Every structure is written in structure tokens, then in C-alpha cells.
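A structural walkthrough
The chain contents come next:
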Amino acid sequence: MTSTSFHLPIMELNDGNLQTLTEYLQKTLSPDPAVRRPAEKFLESVEGNQNYPILLLTLLEKSQDEVIRVCAAVTFKNYIKRNWRIVEDEPNKISDPDRTAIKANIVNLMLTSPEQIQKQLSDAISILGREDFPQKWPDLLTEMVNRFQSGDFHIINGVLRTAHSLFKRYRHEFKSNELWSEIKLVLDTFAQPLTELFKATIDLCQTHATDVNALKVLFSSLTLISKLFYSLNFQDLPEFFEDNMETWMTHFHNLLTLDNKLLQTEDEEEAGLLELLKSQICDNAALYAQKYDEEFQPYLPRFVTAIWNLLVTTGQEVKYDLLVSNAIQFLASVCERPHYKHLFEDQNVLTSICEKVIVPNMEFRSADEEAFEDNAEEYIIRDLEGSDIDTRRRAACDLVRGLCKFFEGPVTGIFSGYVSSMLTEYAKNPGVNWKHKDAAIYLVTSLASKAQTQKHGITQANELVNLCEFFVNHILVDLKSPSVNEFPVLKADAIKYVMTFRSQLPKEQLLEAVPLLVAHLQAESIVQHTYAAHALERLFTMRGANNATLITPAEMAPFTEQLLNNLFKALAIPGSSENEYMMKAIMRSFSLLQEAIVPYIPTLIGQLTHKLLLVSKNPSKPHFNHYLFESLCLSIRITCKANRDTVGSFEEALFPVFTEILQNDVQEFVPYVFQVMSLLLEIHTSSIPSSYMALFPHLLQPALWERTGNIPPLVRLLQAYLEKGATTIASTAADKIPGLLGVFQKLIASKANDHQGFYLLNSIVEHMPPDSITQYRKQIFILLFQRLQSSKTTKFVKSFMVFINLYCVKYGAIALQEIFDDIQPKMFGMVVEKIIIPEVQKVSGQVEKKICAVGITKILTECPAMMDTEYTKLWTPLLQALIGLFELPEDDSIPDDEHFIDIEDTPGYQTAFSQLAFAGKKEHDPIGDAVNNPKILLAQSLHKLSTACPGRVPSMLSTSLPAEALQFLQGYLQAATVQLV
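In the annotation of an unreviewed UniProt entry, the protein is listed under the name Exportin-2 and assigned to Cyprinus carpio. Note on the protein: under the UniProt heading Function (unreviewed entry), the record states "Export receptor for importin alpha. Mediates importin-alpha re-export from the nucleus to the cytoplasm after import substrates have been released into the nucleoplasm. Negatively regulates fluid secretion and plays a role in fluid homeostasis by down-regulating cftr activity."

1. With respect to the overall build of the protein
Helices and strands together make up the secondary structure of the protein, namely 48 helices and two strands. If one aligns the C-alpha atoms of the protein with their principal axes, the spans along those axes are about 100 × 70 × 65 Å. Counting over 981 residues, the protein shows a buried share of 53%. Surface accessibility of the protein: about 42900 Å² in total, with carbon and sulfur atoms responsible for 52%. Put simply, the protein has 87 plus and 118 minus side-chain charges, and the middle of one group is 4 Å from the middle of the other.

2. Points about the UniProt feature "domain: Importin N-terminal" (unreviewed entry) in the protein
In this structure's numbering, the residues bearing the UniProt feature "domain: Importin N-terminal" (unreviewed entry) are residues 39–112. Each end of residues 39–112 is marked by a C-alpha atom, and these two atoms are 29 Å apart; helix forms 73% of the span and strand 0%.

3. Side note on the nonpolar core
Formed by 342 residues in total, the largest nonpolar core has its most connected members in Phe190, Phe330, Tyr721 and Trp875. The element contributing the most residues to this core is helix 20 (residues 392–428), with 15 residues. Here phenylalanine 190 is in contact with Leu141, Val145, Phe148, Ala163, Phe167, Leu228 and Leu232, once residues within four sequence places are set aside.

4. With respect to helix 37 (residues 754–767)
If you check helix 37, its first and last C-alpha atoms are 20 Å apart, about what 14 residues at 1.5 Å a residue would give, namely 20 Å. By the criterion of burial, helix 37 is predominantly enclosed, with twelve of the 14 residues buried. All buried positions along helix 37 are accounted for by Asp754, His755, Gln756, Gly757, Phe758, Leu760, Leu761, Asn762, Ser763, Ile764, Val765 and Glu766.

5. Here we look at the packing of aromatic side chains
Applying the stated criterion across every chain yields a total of 44 aromatic pairs. Their ring planes at 45° and their centres at 5.5 Å tell us that phenylalanine 296 and phenylalanine 303 sit as a pair that is tilted. In this structure phenylalanine 296 comes out as buried when scored by relative accessible area, which is 0%. Classification of phenylalanine 303 as buried rests on a relative accessible area of 0%. Grouping aromatic residues by their ring pairs yields a cluster made of Phe198, Phe229, Phe240, Phe241, Trp248, Phe252, Tyr288, Tyr292, Phe296, Tyr299 and Phe303. For lysine 291, the ring lying beneath its charged end belongs to phenylalanine 234, and the centroid distance is 4.1 Å.

6. Some thoughts on the packing of helix 45 (residues 875–887) against helix 48 (residues 963–975)
Running from amino to carboxyl end, helix 45 crosses helix 48 at an angle of 75°, the nearest separation of the two axes being 10 Å. One finds that helix 45 runs roughly perpendicular with respect to helix 48. Along the contact surface, helix 45 presents Leu879, Ile883, Phe886 and Glu887, while helix 48 presents Ala965, Phe968, Leu969 and Tyr972.

7. Re the environment of leucine 323
Position of leucine 323 relative to the elements: it lies in helix 16 (residues 321–335). Leucine 323 sits 52 residues away from alanine 271 along the chain, and the two C-alpha atoms are 8.6 Å apart. In contact with leucine 323, not counting residues within four places along its chain, are Glu275, Lys278, Ser279, Cys282 and Leu310.

8. Considering the state of the cysteines
Two cysteines joined by a covalent bond between their sulfur atoms form a disulfide. In this structure the tally under the stated criterion is zero disulfides. As a non-bridged cysteine, cysteine 468 has cysteine 404 as the owner of its nearest cysteine sulfur, 19 Å distant. Judged by relative accessible area, cysteine 468 falls into the partly exposed class, the value being 26%. Its sulfur unpaired, cysteine 633 is 11 Å from the next cysteine sulfur, which belongs to cysteine 640. You can call cysteine 633 buried: its relative accessible area is 0%.

9. Details of the environment of proline 38
With respect to the secondary-structure elements, proline 38 resides in helix 2 (residues 33–46). Remark: the alpha-carbon pair of proline 38 and asparagine 932, spanning 894 residues in sequence, is separated by 56 Å.

10. Section: unusual backbone geometry
Cis geometry marks the peptide bond from phenylalanine 133 to proline 134; its omega dihedral reads -5°. Position of proline 134 among the secondary structure elements: in the loop between helix 6 (115–132) and helix 7 (140–146).

11. Description of the pattern of salt bridges
All told, the structure shown has 46 salt bridges when counted by the stated rule. The partner of lysine 736 in a salt bridge is aspartate 735, with the nearest N and O atoms 3.0 Å apart. Of the residues examined, lysine 736 reaches a relative accessible area of 23% and is grouped as partly exposed. On the basis of relative accessibility, which here comes to 56%, the residue aspartate 735 falls in the exposed class. For lysine 826, the salt bridge identified is with glutamate 870, shortest N-O distance 4.0 Å. Of the two residues, lysine 826 sits in the loop between helix 41 (813–823) and helix 42 (827–839) while glutamate 870 sits in the loop between helix 44 (865–868) and helix 45, which places them 44 residues apart along the sequence.

12. So, the environment of lysine 435
Position of lysine 435 among the secondary structure elements: in helix 21 (residues 430–448). Note on lysine 435: relative accessible area 28%, which makes it partly exposed. Each C-alpha atom of the pair lysine 435 and glutamate 425 lies 9.7 Å from the other, and the pair is ten residues apart in sequence. If sequence neighbours within four positions are ignored, lysine 435 has contacts with Phe364, Arg365, Ser366 and Glu369.

13. Description of the packing of helix 9 (residues 177–207) against helix 10 (residues 212–234)
Closest axis-to-axis distance for the helix 9/helix 10 pair is 10 Å, and the angle between their directions is 150°. In this view, helix 9 runs roughly antiparallel relative to helix 10, as classed from their interaxial angle. Crossing geometry of helix 9 relative to helix 10 is assigned as left-handed. In this structure, helix 9 contributes Val186, Leu187, Phe190, Leu194, Leu197, Phe198, Thr201, Ile202, Leu204 and Cys205 to the contact, and helix 10 contributes Leu215, Leu218, Phe219, Ser221, Leu222, Ile225, Leu228 and Leu232. A breakdown of the residues in the contact of helix 9 with helix 10 according to their chemical character gives 16 nonpolar, two polar and no charged.

14. Quick look at helix 15 (residues 300–313)
With 14 residues, helix 15 should cover 20 Å at 1.5 Å per step; its first-to-last C-alpha distance of 20 Å lies within 8% of that length. Those residues of helix 15 that sit buried are Leu300, Phe303, Val304, Ala306, Ile307, Leu310 and Leu311. In this structure, the buried residues of helix 15 make contact with helix 12 (245–257), helix 13 (273–291), helix 14 (293–296), helix 16 and helix 17 (347–362).

15. Description of the confidence of the model for the protein
It should be kept in mind that the predicted coordinates are not to be read in detail where pLDDT is low. Of the residues in the protein, 95% have a pLDDT of 70 or more, and the chain-wide mean is 91. The spread of mean pLDDT over the elements of the protein runs between strand 1 (residues 449–453), the lowest at 62, and helix 27 (residues 560–570), the highest at 98. Note on residues 1–7: pLDDT under 50 across the span, and twelve contacts to partners over four residues away in sequence or across chains. Note on residues 899–911: pLDDT under 50 across the span, and 22 contacts to partners over four residues away in sequence or across chains.

Reading the values: rules and limits
Residues numbered from 1 in each chain as written. Predicted model: local features only at pLDDT ≥ 70, side-chain atom pairs only at ≥ 80, totals over all residues. Heavy atoms only, no water. UniProt positions renumbered as here; feature names shortened; annotations may be inferred. Helix = DSSP H or I, 4+ residues; strand = E, 2+ residues; numbered from the N terminus. Buried < 20%, exposed > 50% of the residue type's maximum accessible area, 1.4 Å probe, protein only. Areas by Shrake-Rupley, 256 points an atom, 1.4 Å probe, with all protein chains shown as cover. Lys, Arg positive; Asp, Glu negative; His and termini not counted. Charge placed at Lys NZ, Arg CZ, Asp CG, Glu CD. Core = buried A, V, L, I, M, F, W, Y, C linked by side-chain atoms within 4.5 Å. Contact = heavy atoms within 4.5 Å. Expected span 1.5 Å × (residues − 1). Phe/Tyr/Trp six-rings, centres within 6.5 Å; stacked < 30°, edge-to-face > 60°. Lys NZ or Arg CZ within 6 Å of the ring centre and 35° of its normal. Axes fitted to C-alpha atoms, helices over the stretch in contact; angles between N-to-C directions. Parallel < 35°, antiparallel > 145°, perpendicular 65-115°, else oblique. Disulfide = S-S within 2.5 Å. Salt bridge = Lys/Arg side-chain N within 4 Å of Asp/Glu carboxyl O. Left-handed = near helix turned anticlockwise from the far one by under 90°. Nonpolar A, V, L, I, M, F, W, Y, C, P; charged D, E, K, R; others polar. pLDDT = per-residue confidence, 0-100.

Structure below.
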């Protein structure tokens, strides 16, 4: 591959390069990591070259191999996802000619590609659009709308699909003027042609009413048009759609009641086009009923009737799930609006809804049973996390809650009857009728829950349902049953009940449940043992009096061994080897039990390390991995707190795995490894071990610092090196100091990471032997001034202020004044006048304020130039600024043009930095006990200064210090029992 000395190397558009690219794409599909990984690395290494994206687009258009075309499309989409956004302070990763060429060709390419590739390119266009539309890509919409005229529905659907991926973000963006003007522009160009297309497509459906293939294409267009309707109407009711409501609603209503035999599918699982279209129309009707109820009122009754009929006539098959749940959600959103209350007041209507809609949709179907047994992960996501997958049960549950808003008494009455008859049925023959009990528990749960939070479970309950009584009579029985593997669905229901109502049940009932839950960790059913782990984890986070955990380590003592054993054993059950709930429960158990886990650590650490080695081969479960590292941190913290010397045995266990992770550059794990290493190194009391020093040069490699996710943990690790091994670095690795300062220079240049650069610099100043950095000091200050001149942000100024004051505390006020004036005469006065005095009020944080107070005190009282040169005029204003720092509220205002600087905003989807809570760093105070109260220090230092030059200090104070500040100062002098002479 050729390259020239451009700012981006160029890959020529020739057959040789297309061939090379094809071979590497082929290798990225290999199941063998030894083949796949190097190919991925190679593609990553050339993606910065000019023409790379154009080569990919050429392949996806012209390659003879279908698989390569799809692979090129996916690679292209991911490349765009990672690199298209231009981030301030970071190099532009795609050359301007490539950007122009991509935008000029991609729409046409997308519209003429086969469907699989069309989907990928459509996603890519929506990523480009999110960044460049409308400002940098004004003709995108007109280019798309013009294609409606083509009459070719493959092309029209391509346009609709792309428009959908572009506009669907309007459903969850915050209101802003920018968003309004964009939506207005879209409506002006798009709304009219979309309406015309909608009407034309409906006419075509009638023309081709007997041609099944034509209908399939037309109905997928109608579904996309209905989705676009939802996105464009979500933020507010646009004038255009209000004027054309009659057209849209009449057609929507007709489509809801339409039944075309040709479009019915044989498949019981997969929703057909008719179901998808009707589901979306239910959503559109619900949106209007909720947000624009006045305008929608004339149409509402006919929609309620149509949707009610739909519900009563639709079967129990899985393919209707989305339709039924959206239809029920429509009723739920209507019944809780005061406007429509009258539609539901009649007891017969309520009974009919309960009997015909709610109860049938609460049943546990054979499809649910299959998912429970064979697709546990999906089942858990649906049932526990209430993900976006709308289930019939969840919708029925929401409808119960909606109806209870106005009709709690009658609804509870109707359902209590159902619950008791279901439980009676179950009691007659539990082996056969267990599904009746499952539905009863579900009904009780949906009736009882009024308000819920992730943290506390149900926080508000329906007074009419006695939860404790139900727990004792119907739930405990299942938890206590001698065989954990019998009736797994009912066991899972019982566990979920404890978890849901944990804030409602008394502590003694929860304590009774704990050992039972521990036993259920051994269940064969994945859903069941996962629920047990999740329930324990939630119980362990509950707080009792004085914010202590509700369940204490002492109360857990009888079950500790069993708990730890069962949790780790569960990780060996097939299907749960990377079960994130299990790992989170392990982390939470460690955190709750604290020193009670120390005797088990030697065994547990081996199991955790072994698990880490396995998952590092192919990290696929980010949450599991996160909790795994948290658990490692907890084991280290708890054990080393009891005995610091054990840190060595942790290093022995972990370093071989860490070395492998770093050598193979497992990107997801590298930031975690740095955090755990920091924690270990910070525990050492004597000098830095040689195993760490061997790694030191590698930490300074520029490639590591390219990834944003590595920066915070790497800076912390280098800080630990400086804290524990500064003298070792100065004596045995002095040649690495320029590399260390190179890192500082890179960080300080970036608005997003400059604070990290200061963390590093502060540690260098605090810990490195002074003579080891003498030769670099002036250069450091010059770099900081260059950055101040090129872009002075509040964040930078705050950090700069802390640094110069720390420098002053460490090397003395005279050294600070001399280094400034050495760079440029009178520079010191400019810094005091233009930065310290006006900006010190912005400094935040206890330690930061203390450093500034001690530093400024030294400038005031230990710097002769402040007393007898032109700098003297700054003495009183500086003292006043210091008293302000002590007494005035912090100034947290930010200039208008800086609000967009977001420290945590990591571009693309590079592994963002995941902070480990249990690797947390104690706040470090470089001044420590040397100064407990900076106000007293100021008083004592002023006293000392005034005895050295009698009369000067009081006269400077009385002539120009405001009375209020003087009063505060008198207070400090009294507290320190000193006087000024």
C-alpha cells in the first residue's frame, strides 16, 4: 500500500488495494481469533488513510462475492460510527475529499443496493445526518424526496427507511431552538410529499388488492410511513398535520379495520406486515390521545371501538404480541386521562375489559414457557428489566394501573374474585394447574404496585391488597418447598415477589427469605437462580436506621459460607458462566460482608482470576466484566485493610493475567487493569516493587494515550508510581522523565483532558526530587502559558491556579516569582493581577482551596518583591481575594461559550472510561497536617511578616482593605492569639 507525505497517507484506488482489502475482510469473518484479531488490527491501522472509505464503498458496490459486499457494508458503517464526528482538539480522522465523496454517492448507492446492504448504508446515512444535516448537508432531503417520483418501491422504501433512521431521534431529543428549526425544515420539505405518497400507496393497495407480492411491498411502505408520522408528530403537533388530520386519521382508521386474507401469515411466531402496520397505528393513536387530546377528540371514539374489536378478536399467538400490547397501551393511555373517564365508568365496561382483555393477556402461554426454559437470557431481559420489548403481560399490567387511577375500588373488587378462583383451581391439582397460580401472582403484583423505583422496588402500594398476608399464605410455601427444581416458574414468581415488594415486607420476613434465596442459587433453571441472585443483591443494598445496611454481616453469619459457595457454583451452571446478575451479587455480598470474607479469599481469588483469564479471551458481557473487576477490587481492599502484607499474594495471582491482557491489548479490559494496579500500588508502604518498574516505560507509549478510555486510569497509575517511587524513577529511570512530561504536554493541549494533565503535573511537583526536574521547570511553565493564550477556559484556569500555588508551597514564593519573571520581566505581577486575584473565587474542592490559601499566604508573606517593588500595589487586593476565598460562596458561573465542553463526552464508541467504584481513590492532601487551618496560618504568617518590618502591614491594611474584610481578618488574628505590629 503506497503512502505519501500528506497529513493523511493515501491509499490508491487500484485493483491491488481492493484485492488486499478483500483478503483482510475475509479474515475478519474467521471464527479463529488468531486469524481474526490481526486482520481487525490491520484494518484499524489503515482506516486513517485517505480513500479507505472509498475503497470500502467500491467493494460493496462491485465485488462479485456477496459475503464480502455485506462485510464491506458493515465495516463501512462501523468506520463511520467511530470516525465521522469531528471532536475539538482531536485530529479529523476522515479527509475532506473523502467526506465530500461519501456524501455525494451514498444516497444513490444505498437506494440501488440489495436490502441487506441498503440497511447498513441507511444506518450510515443517519450517522452522517446526525452530525452534518442540515448545515453541512443541505440537499440531503430534496435528493431523497425527489426519489418518491420514481414509482419504484424498492427505491421508495430505501428513502423511507433512511428517513426513519434520521428522524427517529426526534422522539427522544430535548426541546431546543436548534431542534425546532431542524424539524420545521424537515416538515416544509417532507410533510406534503409524505402525505401524497401515503394517499397514493393506499390507492395502489386497492388496485393490487389481489396481488400478494405487490401488497407486501406496499404494506411495508405504509408501515414506514406510519413510523415517520410518529417521529414527525412527537415533539409537538405540526400545523401541517393538524390541517391534514382528517386524511391521515381516516386512512389510519380504515387500515386498522382492514383484514386482507392474502397478508395473513402461517407463521405463529413472526409478526406479519398487517400486524406491524396496525401496531404502529395503535402507537400513533395513543400519541395523539395523550398529547393532543383536544384536537384528537372527534376521532377518539371510533379508534376506541376499532381497537377494542381488535383486542377481542385477536388470538393468543406470539405473532400478535406487539399488536396486542400496543393496542392495550392505547387503552391504558386513554383510561387515565380525565377527559375520557366517562368511557369507562360503567361497571359492565370495567368487567368486560378485565375479563376479555386483561385476564387472557396475563396467562403464561406455552411460548412463554419455551422462552423460560430455552431462552432464559431473553426472558430475563423482558421480565426483569422491563426492556423495550413490549409484552402482553406488561401492557395488561399497565392497563390495570391506568384503570386503578380512577376506579381502584371496583377494579380491585373484580380482580380479587379472579385471584381467589385461580388459586382455588391451582389447589385442586397443583401439578396440572400451576399456571393458574402464576397468573394470580401476576395479577396481585400488578394490582398492588402503584409506584416503583429501580432502587427500592415498589414504593407505593394499593391499600386494598394485603401483601404480607399473601406472602405468608402463598409465596413462602413455594420458597420453602424441599425440591428447588420443582415448578421453576412458580419459584421464580415467588422470588420476584420478594424482590418487588422488599420495601413493603417487614424485615423479619426478608430475613426468613434470605437462606431460602441462597438455596435457590443452586436451581438448575437459569431464570430461577438468576432471580435468586438478583433478589439477594437488591436486599443487600437496602438501608436501615443510620443509613447502615438493613441486613447486617452478623445476621448473615450463619449463611455466609453457603452464600459464597452457591454464588460461585452457579457460575459453573451451563448458560450462566457469564451471568451478570450472579457477578453483581458476588460483588454486593463482598461489599456487605466486609472482613467476614477474609478467610475465604485465598480460594475465591483463584476462582475470580481464572474467570478473568477466560473472559479476557473474548470479552462479550460488559456488565459481567465490570462487576468481576469490582469484586477483585473489593477482595484486595478488604483483605489488605486487615493485613497490608497480603498485597504481594494478590500481585502474584493477578499479574500473569494482567500481563496477558496488556500484551494482547484487550481494549475493553486495559482501563480496568490500570485501575486495579493503581489500587495495589497505592497499598504498598515501602519502595516500589521491581515488577512495577519493569512496566513503567510501557505506560508512556503514545499509542496507549490515543484511547480516551485509557487516560483517567493511566494518569492515576502514573500518580501512584510518582507517590511510591519518585526517587527510584529519578535514580534508575531518569531517561524516562522527558517521556512523562511528553504525556503531560499531550494532555494539557486538549480541552477535554487538560485537568488530567494537571493531576500528573501536580504529582511530579509534589513527589519528584527537586533537582531531577530543575532543567524542565521553565519549559513546563512556557507550555502552560501557551495554552492560556490559545484557549483559556474556566476549567483550565482553576487547574492552573491550584498548580502554581502547589508549586509555591513546594518550592517557596521566591522561586515562583523568579521563574515567572525569568520567562518574561514583570510576568509574576501579571499572573497575580490578571489570574489569581480575579479567578481564585472559582476554585472548588476542600483540598484545592487549601492549596490555594497556603500558596497565596506564602506569596503575601514570604516574597520580598511583594513588599518593595511595583508589585506592592497588588498586596492588599491579593489579601482581599484570599479572605474572599475563605468567606464568600464559590463562584461556579461558567462563561456562555463554554457550556458545551463536556469532560466525559467520548466520541464514537471507543471504550469509554468505566470507573470502578471499589477501586476508588482516597482524596489526597499534599499539605496534610502541616496546616490544619489556613486562616490561622494566614494570621501567624502576617504576624511574622509584621515583626520583620514593623508598621508596614497595619498601614497597608488600614489604607486600602475594605472594612468587612478587615473584620474577618481581625477574627483570624484573635483565633490565632497574635497581633500585628
